[in-house]
Every structure is written in C-alpha cells, then in structure tokens.
Amino acid sequence: MKKNDKFEFLIYRENFLSGDECDKIIEELDTEDLEDGQLVGDYEEGIINKNVRRTLNKDIIFDRYKKPFDDTNLFNRVESALKIANIQYFNYDVEGIDKLRFLKYGIGGRYEWHTDYGRHECSMRKLTGIIQLSDSNDYEGGDFEFGLTDTEGSGLLKGNRNKGCLLVFPSFLSHRVAPITKGKRYSIITWLEGDTFR
C-alpha cells in the first residue's frame, strides 16, 4: 500500500490574486442576476434551504462572445494552482476543475456545516479551491471554519481571510461559513475533479 507523508488538511497561497483583480471581479459579477445558492449533492429539485445556506451565486462562464465576464486566464490559473497543490500534498487521481462560481454573502449570509463531497456529481470532487475576494475588514463574522481544532486545540481551524488568498482543502473535509453580521463577503469557489475515490 502507498502512503502520503505530505498530506495537509488545509493549504493556502497568499496573494493568488491582486487586490485590483479581486475588485474587478466583484465589480463585474456583483449584478442583479445572482441566484440563491442551492444545497450540494444533486438534489432532484434544486433544494434551497435558507436555514442551511443563505448566499447568492453565479457561474462564471468562459465564452469569448458573452459578457460581462470572460477571463480564461483566471480559469487556467486556478486550475494550474489546484493541480500543483494536488501533486505537492494530496496525490489524488484528478482531471481538471469544474466551472468557477462567484459567491456573495450579505448580512445573515451563511452556509452551515457540510462537505463538498457526496454522491452523483459530487463524488468526483477531490479538492475544493476558494479565493477570498473581500478584504477581511469589509465584513464581520463570516469566518470560514473547518471541522478540525486549531493547533492549540481550543477552537476551530479557520481559513485565511486575506484578500486574494487561495484556500485548498480535500472536498470531504467538513466546513462552514459562519453567519455574516456586517458588510459583504465575496469569494470564488471551484472543485478539482476526477474519478470517484476507490
């Protein structure tokens, strides 16, 4: 049997996007056509349960003939970064990333405890990648928390809140976005996918 001595539950890359790049993405994508976020897991009727998840989102479409947003460079950068993270720390059997999704959390916005891994299409998710677009001073609450204790064992492990930071973690890891109490939190999420674990 093979083992992995390099595994980490959470890795991150500071300044993956510049502040200006983050601001441009928010400016272009924070529009009226954002939709309520559904629960993950291929629910047959696209369940929206605001007691579990209260967020707005939009798929980022990469089509040179569509507006307002077209940035294949961003897609390629994110895919490359997640593939490199996989080689360095995880060694999963992967192919490529899913679409990028723009997320907006307003006051009261949250996503209760869940994993990004499950049945049907979610069974192909190996790594989750999240880019923090907001400055940490732009909102209160909204911590990205994991179902693991921190190094002191006194609290939960929290994701980096720095603007432009890319977080990468196994999609089976339990996590949540704590409720926003002030301001707005913006991010981009995607998944590096491959054949289901076996």
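Scroll up to find the structure this text is about.
Calculation notes
- Residues numbered from 1 in each chain as written.
- Predicted model: local features only at pLDDT ≥ 70, side-chain atom pairs only at ≥ 80, totals over all residues.
- Heavy atoms only, no water.
- Helix = DSSP H or I, 4+ residues; strand = E, 2+ residues; numbered from the N terminus.
- Buried < 20%, exposed > 50% of the residue type's maximum accessible area, 1.4 Å probe, protein only.
- Contact = heavy atoms within 4.5 Å.
- Areas by Shrake-Rupley, 256 points an atom, 1.4 Å probe, with all protein chains shown as cover.
- Arc of directions from axis to C-beta.
- Core = buried A, V, L, I, M, F, W, Y, C linked by side-chain atoms within 4.5 Å.
- Salt bridge = Lys/Arg side-chain N within 4 Å of Asp/Glu carboxyl O.
- Polar contact = N/O pair within 3.5 Å; in protein donor to acceptor, adjacent residues only side chain to side chain.
- Phe/Tyr/Trp six-rings, centres within 6.5 Å; stacked < 30°, edge-to-face > 60°.
- Lys NZ or Arg CZ within 6 Å of the ring centre and 35° of its normal.

Asks: Describe in detail the overall build of the protein chain, supporting the description with residues and values.
Replies: Within the protein chain, the regular secondary structure consists of 2 helices and 15 strands. Counting only residues that meet the buried cut, the protein chain has 43% of its 198 residues in that class. Contacts in the protein chain between residues at least 24 apart in sequence constitute 81% of all its contacts with a sequence separation of at least 6. Surface accessibility of the protein chain: about 11000 Å² in total, with carbon and sulfur atoms responsible for 46%.

Asks: Before we move on, can you summarise helix 1 (residues 19-29) with the specific residues and values?
Replies: Buried within helix 1 we find Cys22, Ile25, Ile26 and Leu29. Buried positions in helix 1, seen along its axis, are confined to an arc of 95° and lie on one side of it. Among the exposed residues of helix 1, those oriented more than 90 degrees off its buried face are Asp20 and Glu27.

Asks: Pulling in residues and values, what's your account of the nonpolar core?
Replies: Membership of the largest hydrophobic core comes to 27 residues, with the highest contact counts inside it found for Leu17, Ile25, Val78, Phe102, Ile131, Leu133 and Val168. Elements with a minimum of two residues in this core: helix 1, helix 2 (72-90), strand 6 (100-105), strand 8 (125-132), strand 12 (166-170) and strand 15 (185-193). When residues in this core are grouped by element, the largest group, 7 residues, is from helix 2. If we ignore the near neighbours within four places in the chain, the residues touching Ile131 are Phe16, Leu17, Val78, Gly164, Cys165, Leu166, Tyr186, Ser187 and Ile188. With 16 residues, the next largest nonpolar core counts Tyr105, Tyr139, Val177 and Trp191 among its residues.

Asks: Mind laying out the side chain of Ser123, listing which residues take part and the relevant values?
Replies: Mapping Ser123 onto the fold places it in the loop between strand 7 (110-114) and strand 8. When residues no more than four places from it in sequence are discounted, the contact partners of Ser123 are Tyr117, Gly118, Thr196 and Phe197.

Asks: I'd love a proper account of the pattern of salt bridges, names of residues and values included.
Replies: Inspection of the entire model under this criterion finds 8 salt bridges. A salt bridge links Asp30 to Lys104, with the nearest nitrogen and oxygen atoms 3.1 Å apart. Residue Asp30 is found in the loop between helix 1 and strand 2 (35-36), and its partner Lys104 is found in strand 6; the two are separated by 74 residues along the sequence. Look at Asp30 and you get partly exposed, because its relative accessible area is 25%. Classification of Lys104 by relative accessible area gives buried; the value is 16%. The partner of Asp143 in a salt bridge is Arg161, with the nearest N and O atoms 2.7 Å apart. Here Arg161 lies in the loop between strand 11 (156-158) and strand 12 and Asp143 lies in the loop between strand 9 (139-141) and strand 10 (144-149), a separation of 18 residues in the sequence. For Asp143, a relative accessible area of 19% translates into the label buried.

Asks: Hey, could you go over the side chain of His114 for me, with residue numbers and the actual values?
Replies: One can find His114 in strand 7. A polar contact is formed between the side chain of His114 and the side chain of Asp116, at a distance of 3.4 Å. In contact with His114, not counting residues within four places along its chain, are Leu173, Ser174 and His175.

Asks: Quick one: what's the story with the packing of aromatic side chains, residue by residue and with numbers?
Replies: Where two aromatic rings form a pair, the distance of their centres and the angle of their planes describe that pair. Per the stated rule, a full pass over the model turns up 11 aromatic pairs. Geometrically, the ring pair formed by Phe172 and Phe197 is edge-to-face, given 6.3 Å between the ring centres and 65° between the ring planes. Of this pair, Phe172 sits in the loop between strand 12 and strand 13 (175-177) while Phe197 sits in the segment after strand 15; the two residues are 25 residues apart in sequence, bridging distant segments of the chain. Classification of Phe197 as partly exposed rests on a relative accessible area of 32%. A cation sits over an aromatic face here: Arg77 above Phe16, 5.5 Å from the ring centre.

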